[in-house]
Amino acid sequence: MSKGKTEGNDMEKIKKAQADWEKKLKASEAKKPPRSVRFTTLSDMEVPLLSTPADLEADGFDYLRDVGFPGEYPYTRGVQSNMYRGKLWTMRQFAGFGSAEDTNKRFKMLLAQGQMGLSTAFDMPTLMGYDADSPKGKGEVGKCGVSVCSIDDMEKLFEGINLGEVTTSMTINGPAIVILAMYLALAEKQGVRPEDVKGTLQNDILKEYIAQKEWVVPVKPAVSFVTDTIEYCSKLYPNWNTVSISGYHIREAGATAVQELAFTLADGLAYVEDCIARGMKVDDFAPRLSFFFDVHNDFFEEIAKFRAARRIWARMMRERYKAEDPRSWMLRTHAQTAGVSLTAQQPYNNIVRVAVQAMAGILGGTNSLHTNSMDETLALPTDESVMIALRTQQIIAEESGVGNVVDPFGGSYFMETLTNRVERDALAYIQKIDDMGGMVAAIEKGFPQSEIANSAYHFQRQLERNEKIMVGVNKYQAKEEKRSLNTLYIDRSVEKSQVEKLAELRRKRNKPAYDQAIRQVREAAENGKNLCGPIVEAVKAYATLQEVCDTLRSVFGEYREAGSF
Amino acid sequence: MHGQKQQENAQSRIRVLVAKPGLDGHDRGAKVIARALRDAGFEVVYTGLHQTPEMVVNAAVEEDVHVVGLSILSGAHNALVPEVVAGLKKAGLTDALLVVGGIIPDEDIPFLKQQGVHMVFTPGAGLGEVVDYIKANAPSRS
């Protein structure tokens with residue numbers, strides 16, 4: 001083989017050869033037409049049959065500027081220089097159901113099976129800042145996650161687990177500041193040093209108004225709670241990830257890949273701006289911001305999304321906010337396979353979907369991953385199905401070899417042009433949101449909400465017309481579907497016992513200390529002070545989740561969404 | 001064309017309430033269904049999120065709907081549905097067609113039907129299926 005520029009790399013020759021090839025293609029397709037008139041990604045982006053060096057040239061592709069090296073700006077190829085050779089992605093299965101004791105057992109099972117970090121799912125009442133004895137949460141206690149009403153529950157949730165030795169992720173947003181306070185108070189009680197408290201609070205309230213729809217107060221005060229936690233933790237808990245800016249729920253609600261990317265990054269920019277407006281320096285807090293994306297069915301589109309996400313964030317942080325610390329530029333992300341892609345029909349097929357999605361997340365360079373269980377469209381997962389989901393990651397990690405190489409799609413004509421396209425389209429959305437006055441204003445106008453609803457409806461219509469296929473649902477249906485899966489059943493006894501425990505807690509606690517602590521939360525809220533310190537004191541005085549949230553609601557009001565569709 | 005117009009007029013008299021009882025925030029399905037029903041020519045009222053059973057009943061009575069559709073993905077159906085049923089009965093809206101959609105385990109469906117739910121749609125149900133069911137079963141009222 002000769003070195004240097006060879007004839008086969010001459011762009012003019014390539015273009016000419018391509019034109020000849022296209023003629024032949026046309027002739028062959030005249031005889032045997034393609035299976036469809038349009039070939040699109042899941043998000044309905046048309047994809048080319050073939051990409052060549054000419055496409056990269058047309059895109060103005062610049063390797064060092066746009067792709068570069070892993071662990072280096074703009075991080076298109078990943079945030080670590082040797083990626084999974086140094087450390088595999090964190091296998092983190094989201095778990096939570098029933099009582100704190102039930103979930104504690106599941107946590108211990110997952111740790112014993114080789115899981116590397118914990119991830120907590122809370123039930124609907126907890127996510128909305130209501131205690132288990134609130135009439136609003138009737139029937140929902142312990143159903144979609146664990147019920148945590150007080151520091152007592154938090155203690156039971158992590159019983160026998162040293163908070164200095166695990167990393168914990170907590171998926172909660174509206175009342176995140178209260179749940180964080182319980183966790184920090186528990187860590188203190190266990191004698192854990194603040195720098196050893198490691199984990200992630202989801203704490204991404206903007207995507208709640210956009211997609212997940214669990215909130216406590218209106219948008220503006222809610223964003224200031226987020227900023228409070230960022231300010232508090234960046235001083236006292238330097239290794240805690242304060243916000244996990246999440247596209248997952250946006251995607252699950254029906255967004256396209258581009259919408260997921262754009263709205264998530266725009267949410268991140270809104271938090272950055274709120275912190276800067278409060279006088280914080282970008283490099284003091286940005287390194288602890290983390291992300292969370294969906295990994296859906298369309299293999300290439302998802303990989304491109306992760307690559308584009310890192311590049312856009314790095315450039316925004318460096319160019320727009322003048323961050324100097326490389327850790328501020330890095331988009332570190334968790335990923336979860338797409339719950340919405342799973343089918344109740346022929347549920348074992350979901351194992352395969354999850355494996356394909358997990359592979360895309362890993363090839364996209366995620367830092368942490370949750371793989372869904374096959375039965376999640378029917379109920380919360382059983383121990384057995386959670387194990388298969390975890391083993392899926394372990395098989396990819398240990399047997400497939402994909403973790404041995406960094407960003408193997410880097411340089412692919414198709415992948416690089418797709419990454420550019422996803423980036424361009426996302427930036428156009430971000431520009432639109434900037435023009436509206438930022439994400440808070442856009443949410444108040446209902447913009448991301450209606451864009452997502454449109455995409456969800458568009459996709460459903462495509463399914464109805466068989467333009468998109470879900471195996472087992474609108475193609476390859478089973479003649480007679482027998483549901484043979486055992487599913488997890490949460491009974492109402494959890495609700496009953498939580499209600500009893502709350503009554504006992506209120507009876508036993510030191511009333512004057514509780515009153516005093518709640519008064520201090522109220523005063524801090526009324527005077528625009530950082531709420532973290534007073535809330536930590538309140539939960540130590542056995543104030544319940546709802547008691548703190550009601551105090552906040554009484555100062556800031558409640559959020560109501562217009563029921564548009 | 002003329003026939004279609006007539007059909008639309010007839011259907012426009014069917015009023016459907018799409019409701020999200022409980023604290024469950026998963027509203028993708030409810031919104032998609034609401035649009036599909038509207039596109040099929042029904043008059044659709046969507047309650048928005050986080051409704052108590054009482055609020056759902058009040059909306060159904062106020063709008064005098066023919067159909068009440070409950071969307072529940074949180075597992076709380078066995079607690080919430082009987083309360084909606086009791087409320088509708090108490091309010092005298094006894095002929096309304098009651099349908100439930102969401103994550104409903106097969107083994108819970110007989111209980112819901114026994115409570116008075118006419119139909120349960122689970123994941124994978126088609127929009128056309130829901131529209132056709134309502135067309136065929138909505139009560140006729142003047």
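Below is a summary of the structure that appears in this document. Throughout, residues of each chain are indexed from 1 in the direction in which the sequence is written. Working convention: letters from A go to chains and numbers from 1 go to ligands, in the order in which they are written. Side-chain atom pairs in this predicted model are given and counted only at pLDDT of 80 or more, local residue features only at pLDDT of at least 70, and totals for whole chains, interfaces and linings cover all residues.

**Some details on the overall build of chain A**
So the rule is basically this: In this description a helix means any DSSP run of H or I spanning at least four residues, a strand means any run of E spanning at least two, and both kinds are numbered starting from the N terminus. The quantity called the radius of gyration is restricted to C-alpha atoms. Its globule counterpart is 2.2 Å times the number of residues to the power 0.38. Labels follow a simple rule on C-beta atoms placed from the backbone: if 20 or more others lie within 10 Å of a residue's own, it is buried; if 12 or fewer, it is exposed; otherwise it is partly exposed. A pair of residues counts as a contact when their C-beta atoms, built from backbone coordinates, are separated by no more than 7 Å.
When you go through chain A residue by residue, the secondary structure sums to 23 helices and 10 strands. Whereas a compact globule of 565 residues would reach a radius of gyration of roughly 24 Å, chain A reaches 25 Å, a difference of no more than 12%. Dimensions of chain A, computed from C-alpha atoms along their principal axes, come out at roughly 85 × 60 × 45 Å. A burial count over chain A gives 50% of its 565 residues as buried. Once local pairs closer than 6 in sequence are excluded, the contacts in chain A between residues at least 24 apart make up 76%.

**Structural notes on the overall build of chain B**
Across its full length, chain B carries 6 helices and 5 strands. If you list the helices and strands of chain B from N to C, you get α-β-α-β-α-β-α-β-α-β-α. Here the C-alpha atoms of chain B give a radius of gyration of 14 Å, agreeing with the 14 Å that 2.2 N^0.38 yields for 142 residues. Along the three orthogonal principal directions, the C-alpha set of chain B runs to about 45 × 35 × 25 Å. Taking all 142 residues of chain B together, the buried fraction comes to 48%. For chain B, contacts bridging at least 24 residues in sequence account for 74% of all contacts bridging at least 6.

**Examining the sheet that holds strand 5 (residues 119-121) of chain B**
Residue and element names in this part refer to chain B. Test applied: Two strands pair under a simple rule: DSSP has to find at least two bridges between them. Geometry is summarised by axes, namely lines fitted to C-alpha atoms with helices restricted to the contacting stretch, and by angles between N-to-C directions that run from 0 to 180 degrees.
Read across the sheet, 5 strands follow the order 2-1-3-4-5 without closing on themselves; strand pairing throughout is parallel. The sheet is open, and its two edges are formed by strand 2 (43-46) and strand 5, each paired on a single side. Each strand axis lies, on average, 20° off the axis of its neighbour in the sheet, ignoring direction. Examined bridge by bridge, strand 4 (residues 97-102) and strand 5 share 3 bridges and lie parallel to one another. Looking at the pairing, Gly101 lines up with Phe121 of strand 5.

**Section: the sheet that holds strand 1 (residues 90-91) of chain A**
All names here are of chain A. Reading across the sheet, the 5 strands line up as 1-10-9-8-7 and stay open at both edges, with parallel pairing between neighbours. Across the chains shown, the open sheet's two edge strands, defined by having one partner strand only, are strand 1 and strand 7 (243-246). In terms of strand pairing, strand 1 meets strand 10 (residues 368-370) through 2 bridges, oriented parallel. Residue Thr90 lies in a different strand from strand 10, and its bridge partner there is Ser368.

**Details of the interface of chain B and chain A**
Often, the extent of an interface is quoted as the loss of accessible area upon association of its parts. Between chain B and chain A, the residue contacts involve 30 residues of the former and 34 residues of the latter. If you list the elements that add at least two residues to the side of chain B that touches chain A, you get helix 2 (28-39), helix 4 (77-90) and helix 6 (127-137) of chain B. At 5 residues, the largest contribution of residues to the side of chain B that touches chain A is made by helix 2 of chain B.

**Focus on the packing of helix 3 (residues 53-62) of chain B against helix 4 of chain B**
Residue and element names in this part refer to chain B. Cut-off, in case you're wondering: Angle categories are assigned with fixed cut-offs, so that under 35 degrees is roughly parallel, over 145 is roughly antiparallel, 65 to 115 is roughly perpendicular, and the rest are oblique. For a crossing to be left-handed, the near helix must be turned anticlockwise from the far one by less than a right angle; the clockwise case is right-handed. Here the nonpolar group is Ala, Val, Leu, Ile, Met, Phe, Trp, Tyr, Cys and Pro; Asp, Glu, Lys and Arg are the charged ones; every other residue, Gly included, is treated as polar.
Across the interface, helix 3 lies against helix 4 with an axial gap of 9 Å and an inter-helix angle of 40°. As judged from the angle between their axes, helix 3 and helix 4 are oblique. As helix 3 packs across helix 4, the resulting crossing turns out to be right-handed. Residues Pro53, Glu54, Val56, Val57 and Ala60 of helix 3 pack against Leu80, Glu83, Val84, Gly87 and Leu88 of helix 4. Of the residues contributing to the contact of helix 3 with helix 4, the split by class is 7 nonpolar, 1 polar and 2 charged.

**Observations regarding the environment of Gln190(A)**
Residue and element names in this part refer to chain A. With respect to the helices and strands, the residue Gln190 is situated in the loop between helix 7 (176-189) and strand 5 (199-201). As a C-alpha pair, Gln190 and Leu163 span 27 residues in sequence and 7.6 Å in three-dimensional space. With residues up to four places along the chain from it excluded, the contact list for Gln190 reads Asn162 and Leu163.

**As for unusual backbone geometry**
Glycine aside, a negative phi is what most residues show, and trans is what most peptide bonds show. Each neighbour pair has its own omega, and for Tyr73(A) with Pro74(A) the value is -5°, a cis peptide bond. Turning to its location among the elements, Pro74(A) is positioned in the loop between helix 3 (63-67) and strand 1. One non-glycine residue, His50(B), lies in the positive phi region at around 60°. Within the secondary structure layout, His50(B) lies in the loop between strand 2 and helix 3.

**Observations concerning the nonpolar core**
This is how the line gets drawn: Joined through C-beta atoms within 7 Å, a set of buried Ala, Val, Leu, Ile, Met, Phe, Trp, Tyr and Cys residues constitutes a nonpolar core.
Core analysis: the biggest nonpolar cluster contains 190 residues, and Ala181(A), Ile535(A) and Val67(B) have the highest contact counts within it. Beyond its immediate sequence surroundings of up to four residues, Val67(B) is in contact with Ile14(B), Val16(B), Leu17(B), Ala96(B), Leu97(B), Val99(B), Ile134(B) and Ala138(B).

**Quick word on helix 17 (residues 413-436) of chain A**
Given 3.6 residues to a turn, an α-helix orients residues that are three or four positions apart in the same direction. Residue and element names in this part refer to chain A. The criterion, for reference: Take the number of residues in a helix, subtract one, and multiply by 1.5 Å to get its expected span.
For helix 17, which comprises 24 residues, the first-to-last C-alpha distance of 35 Å matches the rise-based estimate of 34 Å (1.5 Å per residue) to within 8%. Residues of helix 17 that are buried: Glu416, Thr417, Leu418, Thr419, Asn420, Val422, Glu423, Ala426, Tyr429 and Ile433. In this fold, the buried residues of helix 17 make contact with helix 2 (53-58), helix 11 (257-277), helix 13 (299-320) and helix 18 (439-444). Directly after helix 17, the chain includes Gly437, whose backbone phi takes a positive value near 105°.

**Quick word on the environment of Glu101(A)**
Residues and elements named next belong to chain A. Considering the arrangement of structural elements, one finds Glu101 in helix 4 (residues 100-112). Note on Glu101: 14 C-beta atoms within 10 Å, which makes it partly exposed. Distance in space between the C-alpha atoms of Glu101 and Arg465 is 47 Å, their sequence separation being 364 residues.

**Re the environment of Leu485(A)**
Relative to the assigned elements, Leu485(A) resides in the loop between helix 19 (447-464) and helix 20 (493-508). When sequence neighbours within four positions are dropped, the list of residues in contact with Leu485(A) reads Pro347(A), Asp375(A) and Leu378(A).

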